[in-house]
Number of protein chains: 2
Amino acid sequence: MNSIPDEAIPLLEGRHLANLATVMSDGSPQVTPVWIDHDGDILVINTVEGRIKERNFSRDPRVAVSIHDAERPYEPLTIRGRVIEATRDGAVEHINALSKRYIGEDPYPFGQPGDQRLIVRIEPDQISYGLP
Amino acid sequence: MNSIPDEAIPLLEGRHLANLATVMSDGSPQVTPVWIDHDGDILVINTVEGRIKERNFSRDPRVAVSIHDAERPYEPLTIRGRVIEATRDGAVEHINALSKRYIGEDPYPFGQPGDQRLIVRIEPDQISYGLP
């Protein structure tokens, strides 16, 4: 499967947290929940410079993402891919839009002074939908 | 934090899917939802010999786990640790118990002929509860 199936799109447009896996400098895995967005088949997340996941994908762009609806948990969307861009451009507007979608608040209320937000784009290499 | 906080224990005893991250042979990450159990601070999952995650942690025991309650998504439990045991002993009884808890069915209804089930124990090295 090399594109996101139509049935899985609601997973990327609702309030479901995705789980983003990255690789630590010692080669071990790390996984953390993130808000998720997409632009066609490109997954889009938003983070802050200096977070563990950001340091990890800046060193090794290979990531994996899993997302499921708690009401339909056995139809997860799982992806392996690469971070193809991490940019400050538009990142504040983007976190505000995500905040509005996920928690109904715009602007995003949890920012800290000095946070440098990033929009991060992930290109899938492998996509699966549903359990093996 | 080096033990699982009491407040996070319900995440391991309910019907929430955990997300297990492993590392592929090329060093890239992989993440997939799993049923989760625990024995004190040891996380316990159940899989089948030959699955991608099983091949991965058999080669490199380092894994990461993230789990959250969809009703309280911003208090995730995230762990980095190592698979310390994967055994066939009791694995069928264990998947049946998990099946009963998660979907109310005992025995587990989705087994395939030839499946060799494994109980997998994960010792946490780092534990965090709640967002950074």
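Conventions adopted
- Residues numbered from 1 in each chain as written.
- Chains lettered and ligands numbered in written order.
- Predicted model: local features only at pLDDT ≥ 70, side-chain atom pairs only at ≥ 80, totals over all residues.
- Contact = placed C-beta atoms within 7 Å.
- Helix = DSSP H or I, 4+ residues; strand = E, 2+ residues; numbered from the N terminus.
- Nonpolar A, V, L, I, M, F, W, Y, C, P; charged D, E, K, R; others polar.
- Least-squares fit on C-alpha atoms with pLDDT ≥ 70 in both.
- Expected span 1.5 Å × (residues − 1).
- Buried ≥ 20, exposed ≤ 12 C-beta atoms within 10 Å, placed from the backbone.
- Arc of directions from axis to C-beta.
- Pairing = 2+ DSSP bridges.
- Axes fitted to C-alpha atoms, helices over the stretch in contact; angles between N-to-C directions.

J.: Explanation requested: the interface of chain B and chain A in the structure shown.
T.: One frequently used descriptor of interface size is the decrease in accessible area upon assembly of the parts. At the junction of the two partners, chain B supplies 25 residues and chain A supplies 25 residues. Elements that contribute at least two residues to the side of chain B that touches chain A include exactly β1 (18-23), β2 (29-34), β5 (62-69) and β6 (72-87) of chain B. With six residues, β5 of chain B is the largest single contributor of residues to the side of chain B that touches chain A. For the side of chain B that touches chain A, the class distribution of residues is 13 nonpolar, nine polar and three charged.

J.: Mind showing me how you'd approach the relation of the copies chain B and chain A here?
T.: Related by rotation about an axis and a shift along that axis, the two copies of the chain form a pair. Of the transformation superimposing chain B on chain A, the axial component is 0.0 Å and the angular component is 180°, with the fit at an RMSD of 0.0 Å. Viewed as a symmetry operation, the transformation between the two copies matches a two-fold axis. Comparing interface residues between copies, 100% of those in chain B also lie at the interface in chain A; the contact surface is shared.

J.: Looking at this model, I keep getting lost on helix α2 (residues 91-103) of chain B. Mind explaining?
T.: The periodicity of an α-helix, 3.6 residues per turn, causes residues three or four positions apart to be oriented the same way. Residue and element names in this part refer to chain B. An ideal rise of 1.5 Å per residue puts 18 Å on 13 residues; α2 measures up with 18 Å between its terminal C-alpha atoms. What α2 keeps buried is the set A91, H94 and I95. In a view along the axis of α2, the buried residues occupy a sector of 95°, so they form one face of it. Check the buried side of α2 and you find it contacts β4 (42-48), β6 and β7 (117-129). The first or second residue beyond α2 is G104, which carries a positive phi of 70°.

J.: What is the right way to read the pairing of β5 of chain B from this model?
T.: On a regular strand, each side chain points to the face opposite its neighbour's, so the side chains alternate between the two faces of the sheet. Residues and elements named next belong to chain B. Burial of β5 is extensive: seven of the eight residues sit out of reach of the surface. With four bridges joining them, β1 and β5 adopt antiparallel strand pairing. Bridge pairing in β5 links A21 to A64. Hairpin connection between β5 and β6: a loop of two residues separates the two successive antiparallel strands.

J.: Explain the sheet that holds strand β4 (residues 42-48) of chain A here, please?
T.: Sheets are built from strands paired through backbone hydrogen bonds, the pairs being either parallel or antiparallel. Residues and elements named next belong to chain A. Taken in spatial order, the seven strands of this open sheet run β2-β1-β5-β6-β7-β4-β3, and their pairing is antiparallel. Looking at the sheet topology across the chains shown, the edges are occupied by β2 (29-34) and β3 (37-39). When the angles between neighbouring strand axes are averaged without regard to direction, this sheet yields 35°. Sitting on the sheet, helix α2 (residues 52-59) is in contact with β1 (18-23), β2, β4, β5 (62-69), β6 (72-87) and β7 (117-129), with an inclination near 55° to β1. The strands touched by helix α3 (residues 91-103) are β3, β4, β6 and β7; relative to β7, the strand with the most contacts, the crossing angle is about 60°.

J.: What is the right way to look at unusual backbone geometry in this model?
T.: Glycine aside, residues mostly have negative phi angles, and peptide bonds mostly take the trans form. Residue P107 of chain A is reached from D106 of chain A by a cis peptide bond, and omega for that bond is 10°. Considering the arrangement of structural elements, one finds P107 of chain A in the loop between α3 and β7.

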